[in-house]
Amino acid sequence: MIPAIGLLLGIGAGVLLDVEVPLGLQPYLPIAVVAALDAVFGGLRAVMDGVFNDKVFVVSFVANVLIAAFIVFLGDQLGVGAQLSTAVIVVLGIRIFTNVATIRRHLFRA
Amino acid sequence: MSLITDLFAHPLDEGYQDAAERRRAAGGPESSGGAPRMSAALMGGMLAFGLLLSIAAVQVRNDRVVVSAERQSLVERIERENAHADDLERTLAAVQSDIVVIEADQLDDLAAGRELRDSMEVMQGSTGAAPVQGPGVVVHVDDADASSQGSTSTVLDIDIQQVVNGLWAAGAEAISVNGQRVTALTAVRSANDVILVNFRPLNPPYEVQAIGDSRTLASRFLEGPGGDWLLAVSEGSGIQFDIRTEKSLNMAGASAVLRVAQPEEES
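Residues numbered from 1 in each chain as written. Chains lettered and ligands numbered in written order. Predicted model: local features only at pLDDT ≥ 70, side-chain atom pairs only at ≥ 80, totals over all residues.

1. Focus on the overall build of chain B
Point 1. Broken down by element type, chain B carries seven helices and eight strands.
Point 2. Taken over 267 residues, chain B has a buried fraction of 24%. (Helix = DSSP H or I, 4+ residues; strand = E, 2+ residues; numbered from the N terminus. Buried ≥ 20, exposed ≤ 12 C-beta atoms within 10 Å, placed from the backbone.)

Next comes the structure, spelled out in structure tokens:
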């Protein structure tokens, strides 16, 4: 219940505030979203496994977003930004899929 | 491989497992669920997630609007400039025909003027500035059939150059390629596999029209270097060509304006 309210509040705030993202940060936004998705699905799975911990969730969320953006930033500086963002997407994508598969097993037992 | 195996085996953040073990060691429940203090941190985390999602979505939508607006304004500018260029061309044509009428009026008054006008017309015809008409031949050159393979099976700029030069050598007095009048300033060349005449790109098939003595022009062309060249390339790479004689050909004038070169003062 609380997570759902937080999510709705966040979405509402983002739409209403109409935040202008600085041009330099725009390339990292999609990566940050994927990293955040990974943390959220990891948290969901932890809830299903009965080991959820709010502190771990928040720390992993913030760290995921920052590290993913930092890796891509580093790649941009080295001239391999596109390749590194692909790498980040692939790794996080695999984790998201595996976690969602576990969640699905918990929910549907299939 | 071990990296990928690891990725599949432990997709869950290991922090959760560690925290659960610590909690178990302390004698509490494995999950922090139900504890009242979870609300603030969890709420903040999900709020940040929602904020991130919606900001990203809004950003992408805004970008799209900006890009399409820029595109639209560019398209409008191109259309406006095109219309402007068309207007200028129409004005130019009108002014040029006015000049012709005025020149004729002025020169008709005097006998010397009429002579001058006649010689001017001859000169304009031979330089390609004025439209001309008369009997002549049409050399039709086209790429080889698609069935015959080979990279040399398209008409090259040198083929058109040889045809034009061959026609001059055979006694042609005025030549145009696909409606582009060949003047003293005309270059026949290719850029990016497209043949340019007067810097206008042309598409095959190529119609080289030449005004001249229609009884001898065709045979002299075929016997000369132009005909030799065409026969050689049609045998070698399948270029198609044919020559026909026309009783009357019309050619438009081309603007061969000298901007830098000045006529030398007669001494």
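Still more to cover.
2. Regarding the sheet that holds strand E3 (residues 180-181) of chain B
Residue and element names in this part refer to chain B.
Point 1. Sheet architecture is open: five strands sit in the order E3-E2-E7-E1-E8, paired in antiparallel fashion. The strands lining the two open edges of the sheet, one partner per strand, are E3 and strand E8 (240-251).
Point 2. Where strand E1 (residues 132-142) lies against strand E7 (residues 206-211), six bridges are found, and the strand directions are antiparallel. Within E7, the residue paired with valine 137 across the bridge is alanine 210. (Pairing = 2+ DSSP bridges.)

3. Describing the confidence of the model for chain B
Point 1. Predicted confidence across chain B gives a mean pLDDT of 82, with 91% of residues reaching 70 or more.
Point 2. Scoring of the predicted complex yields 0.48 for pTM and 0.70 for ipTM. (pLDDT = per-residue confidence, 0-100.)

4. Regarding helix H4 (residues 81-108) of chain A
Residues and elements named next belong to chain A.
Point 1. Here H4 is 28 residues long and its end C-alpha atoms lie 39 Å apart, about the 40 Å a rise of 1.5 Å per residue gives.
Point 2. Where H4 is concerned, the buried positions are Ser85, Val88, Leu92, Arg95, Ile96 and Asn99.
Point 3. Arginine 109 occupies a position one or two residues after H4 and carries a positive phi of about 55°. (Expected span 1.5 Å × (residues − 1).)

5. Observations regarding the environment of methionine 120 of chain B
Point 1. Positionally, methionine 120 of chain B belongs in helix H4 (residues 111-127).
Point 2. On a C-alpha basis, the gap between methionine 120 of chain B and alanine 130 of chain B in space is 9.9 Å, while along the polypeptide they are 10 residues apart.

6. Regarding the nonpolar core
Point 1. Residues Ile31, Ala35, Ala36, Phe57 and Phe61 of chain A together with Tyr16 and Phe49 of chain B are the most contacted members of the largest nonpolar core, which totals 34 residues.
Point 2. If near-sequence neighbours (up to four positions away) are discounted, phenylalanine 61 of chain A is found in contact with Ala36 and Ala39 of chain A together with Gly45, Ala48 and Phe49 of chain B.
Point 3. Membership of the second largest hydrophobic core comes to 31 residues, among which are Ile160, Val188, Val208 and Ile239 of chain B. (Core = buried A, V, L, I, M, F, W, Y, C linked by C-beta atoms within 7 Å. Contact = placed C-beta atoms within 7 Å.)

7. Some remarks on the interface of chain B and chain A
How big an interface is tends to be expressed through the accessible area that disappears when the partners come together.
Point 1. Contacts between the two partners involve 34 residues from chain B and, on the opposite side, 41 residues from chain A.
Point 2. Breaking the side of chain B that touches chain A down by element, the ones donating at least two residues are helix H1 (2-9), helix H2 (14-26) and helix H3 (38-108) of chain B.
Point 3. In terms of residue class, the side of chain B that touches chain A is built from 21 nonpolar, 11 polar and two charged. (Nonpolar A, V, L, I, M, F, W, Y, C, P; charged D, E, K, R; others polar.)

8. Topic: the sheet that holds strand E6 (residues 200-202) of chain B
All names here are of chain B.
Point 1. Pairing is antiparallel in the open sheet, where three strands are placed in the order E4-E5-E6. The sheet is open, and its two edges are formed by strand E4 (188-191) and E6, each paired on a single side. For this sheet, the mean inter-axis angle between neighbouring strands, taken without regard to orientation, is 40°.
Point 2. Sheet topology note: the E4/strand E5 (residues 194-197) ladder contains four bridges and is antiparallel. When the sheet's bridge partners are listed, valine 188 is paired in E5 with valine 197.
Point 3. Those strands touched by helix H5 (residues 157-169) are E4 and E5, and its axis lies near 175° from that of E4. (Axes fitted to C-alpha atoms, helices over the stretch in contact; angles between N-to-C directions.)

9. Comments concerning the packing of helix H2 (residues 29-49) of chain A against helix H3 (residues 54-78) of chain A
Residues and elements named next belong to chain A.
Point 1. Across the interface, H2 lies against H3 with an axial gap of 8 Å and an inter-helix angle of 155°. Put simply, H2 runs roughly antiparallel to H3. You can see that H2 and H3 cross each other, and the crossing is right-handed. Touching Ile31, Ala32, Ala35, Ala36, Asp38, Ala39, Gly42 and Gly43 of H2 are Phe57, Ser60, Phe61, Asn64, Val65, Ala68, Ala69 and Val72, all from H3.
Point 2. Class assignment for the residues of the contact of H2 with H3 results in 11 nonpolar, four polar and one charged. (Parallel < 35°, antiparallel > 145°, perpendicular 65-115°, else oblique. Left-handed = near helix turned anticlockwise from the far one by under 90°.)

10. Describing unusual backbone geometry
Residues and elements named next belong to chain B.
Point 1. The omega torsion across proline 204 and proline 205 is 0°, close enough to zero to call that bond cis.
Point 2. Mapped onto the secondary structure, proline 205 falls in the loop between E6 and E7.
Point 3. Look at asparagine 178: it is not a glycine, yet its phi comes out positive at around 45°.
Point 4. You can see asparagine 178 is positioned in the loop between strand E2 (174-177) and E3.
Point 5. Judged by local crowding, asparagine 178 falls into the partly exposed class, with 17 C-beta atoms found within 10 Å.
Point 6. The phi angle at asparagine 198 is positive, at roughly 55°, despite the residue not being glycine.
Point 7. Looking at the secondary structure, you find asparagine 198 in the loop between E5 and E6.

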